[in-house]
Amino acid sequence: MAQAASKIIKTEIYDEGIEKGIERLTQQRIDQVINHVLKNEVGARLKTYVDTCVHCGLCSEACHFYLSYDNDPAFSPAGKVKQTIWEILKRKGNVDAEFIKRARLIASTECNLCRRCAMYCPFGIDVAYLMSIVRRICHLLGVTPKYQQDTVHSHAATLNQMWVKEDEYIDSLMWQEEEAQDEIPNLRIPLEKEGAEIFYSVIAPEPKFRAQLIYQTAVLMNVAGVDWTMPATPGWDNSDMCMFSGDIEMMGRLKKAHFETAMRLKVKRIVMGECGHAFRSVYDVGNRWLLWKWPPIPVTHAVEFYYELFNEGKVSVAQKYDKTVTFQDPCNISRGRGLHEMGRYLARTLCTEFIEMHPNREHNLCCCAGGGVINCGPPFKMKRILGNRAKAEQLFAVKARGAETIIAPCHNCHGGLDDIVHHYGLGMEIKFLGDIIYDCIEKPV
Amino acid sequence: MFDAGSWDWDTGRRLISDTHQWKDMFDWIEEPYVSPDGEKIASVVRKEEGEYSICQNGTAWEKTFDKVWYLKFTPDNRLTALVSDMGEWTVAVDGNVWDNTFDFVWDTRFGPDGQNIIVAAQKGMKYFVAMSDIPWDNEFSTLSNLIISRDGKRAAIVVQTVPLKEGEIFKFQEGCYSVAVDGKTWEKNFVNVWDMDFSHDGMHVAAEVRTTLYDYTIAVDGVPWDQSYSSVWRPKFSPKDGSVSAPVRIGGNWTLVRDGKPFWNRSFGQLWHHMYSPDGEKVAAIVAPKYGRWTMAVDGNSWKLTFGDLVTDAVFSPDGSKLACIGKEDGKWTIAVNGKPWQEKFDMAWQPVFSPDSRRVAAKVEKKGRYTIVIDGRPLKETFAAVWDPVFSPDGDKIMIRAIEDKSDPGEYYRHIIPVTDITG
């Protein structure tokens, strides 16, 4: 595995978005953008982090890239900062196109913005924030991986991340309603029901190719007697690759549409599906860029919502999932929101045998797909998979103790873990909580 | 405009339909919708297995469909729905379907008099707008952001004008989107086009556009302003002089510009949903004077009153002397008028409604699952299982309460006409 990792490091990865982006750069443009960002978009926070870091390197072992690439210091969080924003500051912005290319690769394909390192830094320096500044600079310079930029374009054109057209989305919901009515004849996916208690929001991959998740949620909502709705307008998608590419203006546009859809529907809260990055966008980053200190309409992540339903007795378990499970804590809802104990409550409620992977909870290792890294697409797939050998080792260890199924309540975790499971031959199943809930709950006969 | 004066404004309480009885007739009844004049209540119902229809005032439409959704009453009290029969979609109006059928149809809109019914439609993977059963001649590969003119006679929509395959990022950045007005496309393409506005005479369209990934501006009839900004929000035409104004982001803050030139002389952390008073003399907007605080600003001057959670659904009184909005603080909702909040807080509040003489403002509110109407901060004593937005009589002396009561016989839908003073004292 180490050999493969070395090979990928040394192999030049061609990405059309990055290569053509740097071809169009001029020194004047680089100077202008960097000066603009440093002067107008960052302030005390960057200065504090830069002034505070004592280069101790304690962050290194927090990073799955560093661990997976044989403790190569270039992959340590401090090393990534040193190669990018520190160098930009040191050179007072006087960097060339090749530097920008390397900076984009580091910030967008070698860092998941998972914030694990911030917990190991004695001063709590948020390296994810520093990498986000680098991403912002690269976005303004037009140097973005092709596949990620395409997703951002989809967001801009359709307000969802997968080019789902307005009619296709509605049609998917109606299709899932019809399918689910074969199982529960009076099941309904209520569209545009003003005044419902809950607006259920999803990321675009659900109506696009994971429609069974909408089916499963519809069954759960109907069994639990939840007063819910889904909109029939753009604003239904809670995802946000713009936050990760550095296109924060588009990020704001997406979040405005999402929350204003909730306001228009007069719902009490938004319940969102099992997605980590979208939670970060609606709960922390996107809302705040728009100046909402907190989400203007409260947001509940699926894990917290499921916990409520079981804890309040609105759904019950008919038969437990009988394979031994372990739990992947998604960064954005564990480190970002502290939902790890609720996740365990659900795993134990639904499954006969639950065992921990180590490390776990807020210390868990990232899946290496989040932070927009998986959205950089096929060119970077192997770099991502090899960059998380540490996760494979973590999973081998828990598998050796009996785990057969990984519960991962996050779309990015699913994608990342699926690649790791296949590449390293782990032979483990990956499930959403929703998959297991659907299989295990008491349903009307 | 519809003539509310022709409606029954005689004081009294009249049972329109006992929706509870519908349960004996149908095994599937969706949430009800009520006509503007309060005379009709309707729901999607299932008559037989796989056969859906609409029940209005206790009588189901004769025709049944595979699917029925998006019930909406026109301003002139006709009931519309989007219906599918044998997989073909169309629009049904008071039980009669359009001649044209589509592979899908959505986003029903009306003009103020309700005469024109406009929808977005797709057939054979081609997209277009259909207006009162007449599809546009021109079709597009996709569309979004439908708007209609204030008289309801024209429609505009964002369309894709250049074919684009997934992954063609540089082609996208050259501009593949434009606007079609009554089917005719602007000559110029943009990287993106979003929210739009028709001029008050219906002759012009202004739109939020992006000319590069970084340059946002406003285009009027396809011509972008010379100035660009790091972001913009929806433009609006002035009813007074036809100028176009829009919130724009400059140096990290938001201000209002008009025809590309400074309009308000101050900026805010956020500024959106600006609106003109009906006479065009005043401009108001939802603003954030500082991080996490929200209020209204009129002609650039913000209220002292602020809310922490949000401000939304602002509206000017007909004479422009008053401005009302919804504010939310610590999870509780209320109405504010000219910077003064109502004392009572609610679990939800709907957009305030002014009386035609601008003296009164009323709103639908909800607390602990019960609904009522509040006028000038004073709630009707009675609460309901459901209530719709209040409607003032043309002289402003009476108010129509459209509500489902559940005290004696659950589900009785009543239309009440009561003197406003019964609530305000």
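### Considerations on the domain arrangement of chain A
Residue and element names in this part refer to chain A.
- Looking at the assigned domains, one finds that chain A contains domain 1 (2-144), domain 2 (150-308) and domain 3 (317-440).
- On a C-alpha basis, the centroid separation for the pair domain 2 and domain 3 is 22 Å.
- In this assembly, 25 residues from domain 2 lie in contact with 26 residues from domain 3.
- When contributions to the side of domain 2 that touches domain 3 are tallied by element, the ones reaching two or more residues are α14 (211-224), α15 (242-245), α17 (276-289) and α18 (302-311).
- In terms of residue count, the dominant contributor to the side of domain 2 that touches domain 3 is α17 (six residues).
- In terms of residue class, the side of domain 2 that touches domain 3 is made up of 14 nonpolar, seven polar and four charged.

### A closer look at the sheet that holds strand β3 (residues 269-272) of chain A
All names here are of chain A.
- Within the open sheet, the four strands sit side by side as β2-β1-β3-β4. Their pairing is parallel. Each having just a single partner strand, β2 (228-229) and β4 (299-301) make up the two edges of the open sheet.
- Of the pairings in the sheet, the one linking strand β1 (residues 198-201) to β2 comprises two bridges and is parallel in character. Within β2, the position partnered with phenylalanine 199 by the bridge is threonine 229.
- Against the sheet, α18 makes contact with β3 and β4, and its axis sits at roughly 80° relative to β4, the strand it touches most.

### Concerning unusual backbone geometry
- Here the bond from histidine 358 of chain A into proline 359 of chain A is cis, since omega is -5°, no more than 30 degrees from zero.
- Along the chain, proline 359 of chain A turns up in the loop between β6 (351-354) and α21 (381-386).
- Of note in the backbone geometry, aspartate 182 of chain B takes a positive phi value of approximately 50° without being a glycine.
- Mapped onto the secondary structure, aspartate 182 of chain B falls in the loop between β16 (177-181) and β17 (184-185).
- Phi angles above zero are rare outside glycine, and asparagine 338 of chain B is one such case at about 50°.
- Here asparagine 338 of chain B is to be found in the loop between β33 (332-337) and β34 (340-341).

### Considerations on the sheet that holds strand β18 (residues 192-198) of chain B
Residues and elements named next belong to chain B.
- Pairing in this open sheet of four strands is antiparallel, and the strands run β18-β19-β20-β21 from one edge to the other. Of all strands in the sheet, those bounded by a partner on one side alone are β18 and β21 (223-224).
- When strand β20 (residues 216-220) meets β21, the two strands line up antiparallel, connected through two bridges. Of the residues in β21, the one forming a bridge with alanine 219 is proline 224.

### Some points on the interface of chain A and chain B
- Contact residues are listed per partner, giving 34 residues for chain A and 35 residues for chain B.
- When residues of the side of chain A that touches chain B are traced back to their parent elements, those giving at least two are α2 (16-23), α11 (146-158), α12 (166-181) and α16 (248-265) of chain A.
- No other element matches the seven residues that α11 of chain A contributes to the side of chain A that touches chain B.

Rules used throughout
Residues numbered from 1 in each chain as written. Chains lettered and ligands numbered in written order. Predicted model: local features only at pLDDT ≥ 70, side-chain atom pairs only at ≥ 80, totals over all residues. Domains from an automatic or database assignment. Contact = placed C-beta atoms within 7 Å. Helix = DSSP H or I, 4+ residues; strand = E, 2+ residues; numbered from the N terminus. Nonpolar A, V, L, I, M, F, W, Y, C, P; charged D, E, K, R; others polar. Pairing = 2+ DSSP bridges. Axes fitted to C-alpha atoms, helices over the stretch in contact; angles between N-to-C directions.

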